[in-house]
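Summary of the model geometry
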Amino acid sequence: MTSGEHEPAITQINLGERSRIAGRDYYEGRIPDSIKVYLATTASDRLDEEAIDNERLFYYRFGVDVQRAVREQVIALKRQHGLTDTECRWLHRSGQFPITREGAKLEPDRLVPAAGWFYAAIQALFFGSSLLMINFSGMPSWKQLLGSVAVTGLWFGSMWATNRLFLAPWRRVKSLRL
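As a starting point, this report considers the structure included with it. (Residues numbered from 1 in each chain as written. Predicted model: local features only at pLDDT ≥ 70, side-chain atom pairs only at ≥ 80, totals over all residues. Heavy atoms only, no water.)

**Remarks on the packing of aromatic side chains**
- One pass over the full model with this rule turns up six aromatic pairs.
- Relative to tryptophan 160, the ring of tryptophan 90 lies with its centre 6.5 Å away and its plane at 85 degrees, an arrangement referred to as edge-to-face. Of this pair, tryptophan 90 sits in helix α5 (residues 85-94) while tryptophan 160 is found in helix α7 (residues 141-175), placing the two residues 70 residues apart along the sequence.
- Residue classification places tryptophan 90 among the buried positions, given a relative accessible area of 18%.
- Seen in terms of ring centroids, phenylalanine 126 and phenylalanine 127 are 5.1 Å apart; in terms of plane orientation they differ by 75 degrees. Their pairing is edge-to-face. (Phe/Tyr/Trp six-rings, centres within 6.5 Å; stacked < 30°, edge-to-face > 60°. Helix = DSSP H or I, 4+ residues; strand = E, 2+ residues; numbered from the N terminus. Buried < 20%, exposed > 50% of the residue type's maximum accessible area, 1.4 Å probe, protein only.)

Structure below.
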């Protein structure tokens, strides 16, 4: 090749499907298959910074769509108290972490655990009486067993939901010592 001839510009791009040998200009990009893969493989600090600027990423992580100033408050509270994304979502659902257009704050509410214990007592009365009715009925034993298993499964499922929505968020906020 003489000094007057130019080589053609070649750019290689690796999208992660297979390994390639780098030639000259080589760019490797990470293109995840879904948002879940991106969230699972990206550092939390980087996700926090991107969530402040990207409202769709923030909505996917926290389940609420707010303006940039409020997004900054949510990320600051998350970092200050060492909360995870899942904890932030459950705290928001329970009313312990209200995120509105005006701002975000962690505020413990004593009515939330009281409502949780009230619902637990109502469920105990309902499901307990249902179990008694099933077990003292004149049905064959296999039907009693089937009914008891079904009612017990529903009882545990409803108690799990009550715990996740009312009792566990209260314990988490209480442990933060606000």
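**Re the nonpolar core**
- In terms of nonpolar packing, the biggest core is built from 22 residues, with Phe58, Phe62, Val74, Phe97, Ile99, Ala104 and Leu106 touching the most fellow members.
- Secondary structure elements with two or more residues in this core: α2 (44-53), α3 (55-62), α4 (68-81) and α5.
- Sort the elements by how many residues they give to this core and α4 lands first, with four residues.
- For alanine 104, the residues in contact, after removing those within four places along its chain, are Val70, Gln73, Val74, Leu77, Phe97, Pro98 and Ile99. (Core = buried A, V, L, I, M, F, W, Y, C linked by side-chain atoms within 4.5 Å. Contact = heavy atoms within 4.5 Å.)

**Some words on the pattern of salt bridges**
- Summed over the entire model, instances satisfying the criterion amount to 12 salt bridges.
- With a closest N to O distance of 3.5 Å, lysine 78 and aspartate 48 form a salt bridge. One end of the pair, lysine 78, is in helix α4; the other, aspartate 48, is in helix α2, with 30 residues separating them in the sequence.
- Residue lysine 78 is classed as buried on the basis of its relative accessible area of 5%.
- Linking glutamate 49 and arginine 79 is a salt bridge whose minimum nitrogen-to-oxygen distance equals 3.1 Å. One end of the pair, glutamate 49, is in helix α2; the other, arginine 79, is in helix α4, and 30 residues separate them in sequence. (Salt bridge = Lys/Arg side-chain N within 4 Å of Asp/Glu carboxyl O.)

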